[in-house]
Amino acid sequence: MKILLIGEYNSSHYTLKEGLEALGHDVLVVGNGDGFKNRTVDINFKVRFTEGFSFYIKRALYKLFKIDLTSLDIKRQFNTYKSQFKGFDIVQLINESPFKANPSIETKLLQYIFNNNPNVFLLSCGTDYVSVKYASERKFRYSILDPYYEGRGTKKMFWHALMYLTPPYVKLHQFVYNNIKGVLASDFDYDIPLVNHNKYLGLVPNPINIETIKYIDLEVTGKIVIFHGINEKNYYKKGNDIFEDALNIISKKYSDRIEIITVRSVPYNEYINAYNKAHILLDQVFAYDQGFNALEAMAKGKVVFTGAEQEWLDYYNVKADTIAINALPDAESIAQKLEWLILNPHKILEISKNARAFVEREHNYVKCAQLYLDKWIEKI
């Protein structure tokens, strides 16, 4: 089949492409490389006018005339390639706003996709109307919006999530759902809000290319190396402030037994290499399941502090703290788990091997690609 994947978060779609191609399909990935992460895509839409002098020109034009230069430029790039975006057997959008234009222009671009492709699906991956609304109604035990409601971070800092609740994005959400054949979720953070939705087709785990990510044997004879990668834009949303508090606690007790590596908003290739020598990786707090970054680190054999909630334990029939460490939104709790690992280094080796085996078993990119195909074909 001929398949078009629109948008990218980390390398979810590009890895899915690799799995689909291994199954004999023809796949094109279109996106912006997930911003500063600079992930690989086939057709790369540049997001311009976001920094420097051009940003101030953009801001002035928007303030005076409501003209969004970034969205207009995305539309221009779309029109350059639009002849390549029709006649596909399957199209999947990675989000309700996969091109990252404003809702007005996004609707026009998506209308072309819907008009020229009969079977369009949506992947709930990253913030969207359904997941943000669910979080805003405080239905999760904890969520990415908790820091905002608790006064940690401004509305501007959380706008990338809160914007989905504004009328233009609600209208975009309704437009997308009226035109898709169905929606899938990449993990439990998006599955939980979609349960019982009439368009929901179910969860399909993130695909990880286990052939290109090599397992790194860990040694724990020296200092335990803890890696903390910070995305400045999502500092509070990911719980990086809580991780930093936990690191301060543990540093006071075990400064002679640990080494801490911190990086901030670096491109993907630099990021993934920066944690190669780490034993432990701090990924995110406000999550119920592992996202793409966590899974890649687990495939390398890192002990990852991330989402590993009861829903995830039940679904995969695994025990807590044997594959990944559930990072609760509490610095003392995280520090206690870190201390447990520091005092029991054999657990690091045990979890490392379990993490790799889990990714191989449940997130094999070819196996996951087949699951996507099965879900799509059911609705064609």
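Anyway, here's the lowdown on the structure attached to this text. (Residues numbered from 1 in each chain as written. Predicted model: local features only at pLDDT ≥ 70, side-chain atom pairs only at ≥ 80, totals over all residues. Heavy atoms only, no water.)

1. Let's talk about the packing of helix α10 (residues 240-254) against helix α14 (residues 331-343)
A packed helix pair is summarised by two numbers, namely the angle formed by the two axes and the spacing between the axes.
Then comes step 1: Close contact between α10 and α14 brings their axes to 8 Å; oriented N to C, the two are set at 45 degrees. Between α10 and α14, the interaxial angle falls into the category oblique. Taken as a pair, α10 and α14 cross one another with a handedness that is right-handed. Judged by residue contacts, Ile242, Phe243, Asp245, Ala246, Leu247, Ile249, Ile250, Lys253 and Tyr254 of α10 engage Ala331, Glu332, Ile334, Ala335, Leu338, Glu339, Ile342 and Leu343 from α14.
Then comes step 2: Taken together, the residues of the contact of α10 with α14 sort by class into 13 nonpolar, no polar and four charged. (Axes fitted to C-alpha atoms, helices over the stretch in contact; angles between N-to-C directions. Helix = DSSP H or I, 4+ residues; strand = E, 2+ residues; numbered from the N terminus. Parallel < 35°, antiparallel > 145°, perpendicular 65-115°, else oblique. Left-handed = near helix turned anticlockwise from the far one by under 90°. Contact = heavy atoms within 4.5 Å. Nonpolar A, V, L, I, M, F, W, Y, C, P; charged D, E, K, R; others polar.)

2. Describing the side chain of Asn95
Then comes step 1: Tracing the sequence through the fold places Asn95 in the loop between β4 (90-93) and α4 (103-116).
Then comes step 2: Residue Asn95 is classed as buried on the basis of its relative accessible area, which comes to 1%.
Then comes step 3: For Asn95, the side chain forms a polar contact with the main-chain nitrogen of Ser97, separated by 2.8 Å.
Then comes step 4: Within the structure, the side chain of Asn95 is placed 3.2 Å from the side chain of Tyr164, a separation counted as a polar contact.
Then comes step 5: Each residue touching Asn95, except ones within four places of it in the same chain, is listed here: Tyr9, Lys100, Leu122, Leu123, Cys125, Gly126, Thr127, Asp128 and Tyr164. (Buried < 20%, exposed > 50% of the residue type's maximum accessible area, 1.4 Å probe, protein only. Polar contact = N/O pair within 3.5 Å; in protein donor to acceptor, adjacent residues only side chain to side chain.)

3. Some details on empty space enclosed by the protein
Then comes step 1: Summed over the entire model, instances satisfying the criterion amount to one cavity of 30 Å³ or more.
Then comes step 2: Taken as a whole, the largest cavity encloses approximately 30 Å³ of empty space.
Then comes step 3: Here the residues of the lining of the largest cavity sort into five nonpolar, three polar and one charged. (1 Å grid on protein atoms, 1.4 Å probe; cavity = no way out; pocket = protein on both sides within 12 Å on 5 of 7 lines; lining within 4 Å. Points joined across faces, edges and corners; volume = space filled by probe spheres on them.)

4. Points about the pairing of strand β6 (residues 182-185)
Then comes step 1: Along β6, one buried face is formed by Gly182 and Leu184 and the opposite face, lined by Val183 and Ala185, is buried too.
Then comes step 2: Note that strand β5 (residues 120-124) and β6 share four bridges and pair parallel. Across the sheet, the residue bridging to Ser124 is Ala185, located in β6.
Then comes step 3: As paired strands, β6 and strand β7 (residues 200-203) are joined by three bridges and run parallel to one another. Opposite Ala185, over in β7, you have Leu203 as the bridge partner. (Pairing = 2+ DSSP bridges.)

5. Side note on the pattern of salt bridges
Where charged atoms of side chains with opposite charge meet at close range, the side chains can pair.
Then comes step 1: Within this structure, the stated rule accounts for 20 salt bridges.
Then comes step 2: Arg138 serves as the salt-bridge partner of Asp146, at 3.8 Å between the closest nitrogen and oxygen.
Then comes step 3: Judged by its relative accessible area of 10%, Asp146 falls in the buried class.
Then comes step 4: Through salt bridges with shared partners, a single ionic network connects Lys17, Glu21 and Asp42. (Salt bridge = Lys/Arg side-chain N within 4 Å of Asp/Glu carboxyl O.)

6. Quick notes on helix α16 (residues 365-379)
Then comes step 1: In this model α16 runs 22 Å from its N-terminal to its C-terminal C-alpha over 15 residues, within 8% of the 21 Å that 1.5 Å per residue would give.
Then comes step 2: Listed as buried for α16 are Tyr365, Cys368, Ala369, Tyr372, Leu373 and Trp376. The arc that holds the buried residues of α16, viewed along the axis, is 145 degrees, so those residues lie on one side.
Then comes step 3: The N-cap of α16, judged by a side-chain oxygen 2.9 Å from the amide nitrogen of Val366 a few residues on, is Asn364. (Expected span 1.5 Å × (residues − 1). Arc of directions from axis to C-beta.)

7. Focus: the layout of surface pockets
Then comes step 1: By volume, the second largest pocket amounts to about 240 Å³.
Then comes step 2: Lining the second largest pocket are 15 residues, with Ser11, Tyr14, Arg39, Tyr268 and Glu296 positioned closest to its centre.
Then comes step 3: Among the secondary structure elements, those contributing two or more residues to the lining of the second largest pocket are α1 (12-22), α11 (268-274) and α12 (292-299).
Then comes step 4: Here the lining of the second largest pocket is composed, by residue class, of five nonpolar, seven polar and three charged.

8. Observations concerning the packing of aromatic side chains
Two measures describe an aromatic ring pair: the distance that separates the ring centres and the angle between the ring planes.
Then comes step 1: Summed over all chains, the structure comprises 25 aromatic pairs.
Then comes step 2: With a centroid separation of 6.4 Å and 65 degrees between ring planes, the pair formed by Tyr142 and Phe286 is classed as edge-to-face. A residue pair is termed long-range when its members are at least 10 positions apart, and Tyr142 in the loop between α5 (129-136) and α6 (146-149) and Phe286 in the loop between β10 (280-282) and α12 qualify at 144 residues. The exposure classification of Tyr142 matches that of Phe286, with both residues buried.
Then comes step 3: The interplanar angle of 75 degrees and the centroid separation of 5.2 Å between the aromatic rings of Phe188 and Tyr315 together place this pair among those described as edge-to-face. Taken together, the residues Phe188 in helix α9 (residues 188-194) and Tyr315 in helix α13 (residues 310-316) connect sequence positions 127 residues apart.
Then comes step 4: On the basis of relative accessible area, Phe188 is assigned to the buried category, the value being 7%. (Phe/Tyr/Trp six-rings, centres within 6.5 Å; stacked < 30°, edge-to-face > 60°.)

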